[in-house]
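Chain by chain, the residues run as shown.
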Amino acid sequence: MIKVLKKLDKWLLPRNLSEPMTPYLLLIYLPFFFVPVVIFHQQPIDLVWTAIATITFLVVYFRCYWAPNRQYVYHVLAIVLIGSFAALVSPTANTFFIYAGAMCSRLSSVKFAVTTIFAILMWMAALSFVFDLSVYFYVPGLAFTAIIGLMNTYQYALQQNKQALVLSRKETQRLAKVAERERIARDLHDLIGHTFSVITLKADLAGRLLDKDLNKARVEIKQVEEIARNALSQVREVVSGYRTSDLLSELANARNVFAGVDIHFDYHVEKDDEKFIELDPVANKELAIVLRELITNILRHADPSRVSATIKMQGPQLVLSVCDDGRGFEPSEVDGYGLQGIEERVAQLGGSFDIKSGTKFKGTLSEVTVPVNTQRKEVADND
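Moving on: the side chain of S84. The residue S84 is located in helix α5 (residues 69-86) in this model. We classify S84 as buried; its relative accessible area is 8%. Of note is the side chain of S84, whose polar atom sits 2.7 Å from the side chain of W123. When neighbours within four sequence positions are excluded, S84 is seen to be in contact with F97, W123 and L127.

Right, let's get into the packing of aromatic side chains. Throughout the structure, instances matching the rule amount to 12 aromatic pairs. Here the aromatic rings of Y61 and Y65 are separated by 5.6 Å at their centres, their planes lie at 80 degrees, and the arrangement is edge-to-face. For the pair Y61 and Y99, a centre-to-centre distance of 6.1 Å together with 75 degrees between the ring planes defines the contact as edge-to-face. One end of the pair, Y61, is in helix α4 (residues 44-64); the other, Y99, is in helix α6 (residues 94-103), with 38 residues separating them in the sequence. On the basis of relative accessibility, which here comes to 7%, the residue Y99 falls in the buried class. Among the aromatic side chains, those forming a connected cluster through ring pairs are Y24, F33, F57, Y61, F62, Y65, F96 and Y99.

Let us now look at a positive patch on the surface. Among the surface-exposed residues, K3, K6, K7 and K10 lie close enough to one another that they form a single positively charged patch. In this fold, K10 is placed in helix α1 (residues 2-12). Residue classification places K10 among the exposed positions, given a relative accessible area of 57%.

Enumeration according to the criterion identifies 5 salt bridges in this entry. Of the charged contacts in the structure, one is a salt bridge between R292 and E250, with a shortest N-O distance of 3.0 Å. With R292 in helix α11 (residues 281-302) and E250 in helix α10 (residues 247-260), this pair connects stretches of sequence that are 42 residues apart. We note that R292, like E250, is buried.

In this section: the sheet that holds strand β5 (residues 352-357). By definition, the strands of a sheet pair up through backbone hydrogen bonds, in either a parallel or an antiparallel sense. Taken together, the 5 strands give an open sheet; going across it, the order is β1-β3-β4-β6-β5, and neighbouring strands pair in mixed fashion. Two strands in the sheet have a free side with no partner beyond their single neighbour: β1 (264-269) and β5. Each strand of the sheet is rotated relative to its neighbour by a mean of 10 degrees, with strand direction disregarded. Pairing of β1 with strand β3 (residues 306-314) involves 6 bridges; the strand directions are parallel.

The subject of this paragraph is a nonpolar patch on the surface. Together, L81, F85, L88, F129, V130 and F131 give the surface a local cluster of nonpolar side chains, amounting to about 730 Å² of exposed area. When contributions to the nonpolar patch are tallied by element, the ones reaching two or more residues are α5 and α7 (110-131). Sort the elements by how many residues they give to the nonpolar patch and α7 lands first, with 3 residues.

Here we take up the packing of helix α3 (residues 31-40) against α4. Two elements in contact, α3 and α4, have axes whose closest approach is 10 Å; the angle formed by their N-to-C orientations is 165 degrees. One finds that α3 runs roughly antiparallel with respect to α4. When you trace α3 past α4, the crossing you get is left-handed. On α4, the residues touching F33, F34, V37 and V38 of α3 are D46, L47, T50, A53 and T54. Partitioned by chemical class, the residues of the contact of α3 with α4 number 6 nonpolar, 2 polar and 1 charged.

Our focus in this paragraph is the nonpolar core. Membership of the largest hydrophobic core comes to 37 residues, with the highest contact counts inside it found for F57, Y61, F96 and I120. Within the residue set of this core, elements represented by two or more residues are α4, α5, α6, α7 and α8 (135-209). Of all the elements, α5 adds the most residues to this core, at 7 residues. Contact partners of Y61, with chain neighbours within four places excluded, come to P23, L26, L27, Y99 and M103.

Helix length check: α4, at 21 residues, gives a terminal C-alpha distance of 30 Å against a target of 30 Å (1.5 Å per residue), a fit within 8%. Close packing links the buried residues of α4 with α1, α2 (22-26), α3, α5 and α6.

Calculation criteria
All residue numbers here refer to positions counted from 1 along the written sequence of the relevant chain. With pLDDT at 70 or above as the cut-off, local features in this predicted model cover only qualifying residues; side-chain atom pairs require 80 or more to be listed or tallied, and sums for whole chains, interfaces and linings still use all residues. Here the side-chain values reflect all heavy atoms present in the structure, with hydrogen atoms and water set aside. By the criteria applied, helices consist of DSSP H or I runs no shorter than four residues and strands consist of E runs no shorter than two, each listed in order from the N terminus. For each residue, the accessible area found with a 1.4 Å probe, counting protein chains only, is set against the maximum for its type, and the residue is called buried under 20%, exposed over 50%, and partly exposed in between. Definition of a polar contact: a pair of N or O atoms within 3.5 Å, with one able to donate and the other able to accept a hydrogen when the atoms are protein atoms, and with sequence-neighbouring residues admitted only if both atoms are side-chain atoms. Contact between two residues is taken to exist if any of their heavy atoms lie within 4.5 Å; hydrogens are not considered. Each Phe, Tyr or Trp ring, with Trp reduced to its six-membered ring, pairs with another whose centre is within 6.5 Å; inter-plane angles below 30 degrees give stacked pairs, above 60 give edge-to-face pairs, and intermediate values give tilted ones. Without a salt bridge and with relative accessible area above 30%, a residue can belong to a patch; like charges are then joined within 9 Å and nonpolar side chains (Val, Leu, Ile, Met, Phe, Trp, Tyr) within 5 Å. Areas reported as accessible are Shrake-Rupley estimates using a 1.4 Å probe. Residue values count occlusion only from the protein chains shown. Each salt bridge in this description consists of a side-chain nitrogen of Lys or Arg and a carboxyl oxygen of Asp or Glu lying within 4 Å of one another. For the purpose of counting charges, residues Lys and Arg are taken to be positive, whereas Asp and Glu are taken to be negative. His and the chain ends are not included. The atom standing in for a charge is NZ when the residue is Lys, CZ when it is Arg, CG when it is Asp and CD when it is Glu. Two strands are said to pair when DSSP picks up at least two bridges between them. With axes taken as lines fitted to C-alpha atoms, and helix axes fitted only over the stretch in contact, angles between N-to-C directions fall between 0 and 180 degrees. When an angle is under 35 degrees it counts as roughly parallel; over 145 it counts as roughly antiparallel; between 65 and 115 it counts as roughly perpendicular; any other value is oblique. In this scheme the crossing of two helices becomes right-handed for a clockwise turn of the near helix relative to the far one and left-handed for an anticlockwise turn of less than a right angle. For this classification, the nonpolar set comprises Ala, Val, Leu, Ile, Met, Phe, Trp, Tyr, Cys and Pro, the charged set comprises Asp, Glu, Lys and Arg, and every other residue, Gly included, is treated as polar. What we call a nonpolar core is a set of buried Ala, Val, Leu, Ile, Met, Phe, Trp, Tyr and Cys residues that are connected through their side-chain atoms within 4.5 Å. To estimate how far a helix should extend, the number of its residues minus one is multiplied by 1.5 Å.

As structure tokens, this is what we get:
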């Protein structure tokens, strides 16, 4: 018996319903139509029409759960027609109109649902007037069709909005995960690219010094070890999301790196009325990473003899400039991940990134301009 009921259930209703028992529970109101007819009507023809109306309603009712949204309204209209013919037999046929009003909640929009409900009410009123139907038909029918129909529409709209909110929240969480993966990818690219460039240069220098100056070669190898250990620590911080960088510290680190490969490097931080510009931590970190990537690109590709960097204020904007006298390149022909990462970081700060290089320009000039919401405080000028 249970297997038969399960097969019948699979045939009557689709499997994707969130509440599979609800359609059966809603049929509890259907006896309000046919039970009074069976009790009070003695003519066989009334019983026949009642049975036909009930069976036809059940067929349309269960088909509603299979119908696509664009066809759903036709099923509602079919139930209205069943109720219209049944109203000629018994006033309890208003049960069908109440079902039709309740099922309007699943129409394509709230406006369409409300319009259809009022159309059903007007049809009931016209039907009652034309055929002079009993007051027991149209008074409870009009009242309950309006109340239940509008209430169901309101509840269904709330449910849909709730589902949309849940989907929006899931989408926000997904986008946050994507953004975090992109952040880690950028940070790892900037960090590892810079670190391995320095390690390669140091290792090459140590190899050339092995036959000339063993002690100095040992110093270089020791520095390679320290750089590798520091890089490992920074990789862990990147993955954990707690990595911090400082723009001025990155400038000092760049000077040490360039000194190790015999490239002259100087930098200048302009002061404004003896006041030091204190960047917010996010901008400070992002600009430090941008500077590191620019230095890495110079070490890898430029082959310069001199490099300079400048940090200055232009009105409410901070400008970071890095210039080298290397061989340069055509910016339009380069589409590397490093430059893309710089553009993304600067864009997140609301700034701009510009490169001047190529055959008409000696070397390369990279300029990063970002708006600065700063708090200024006087500090001692130790330069």
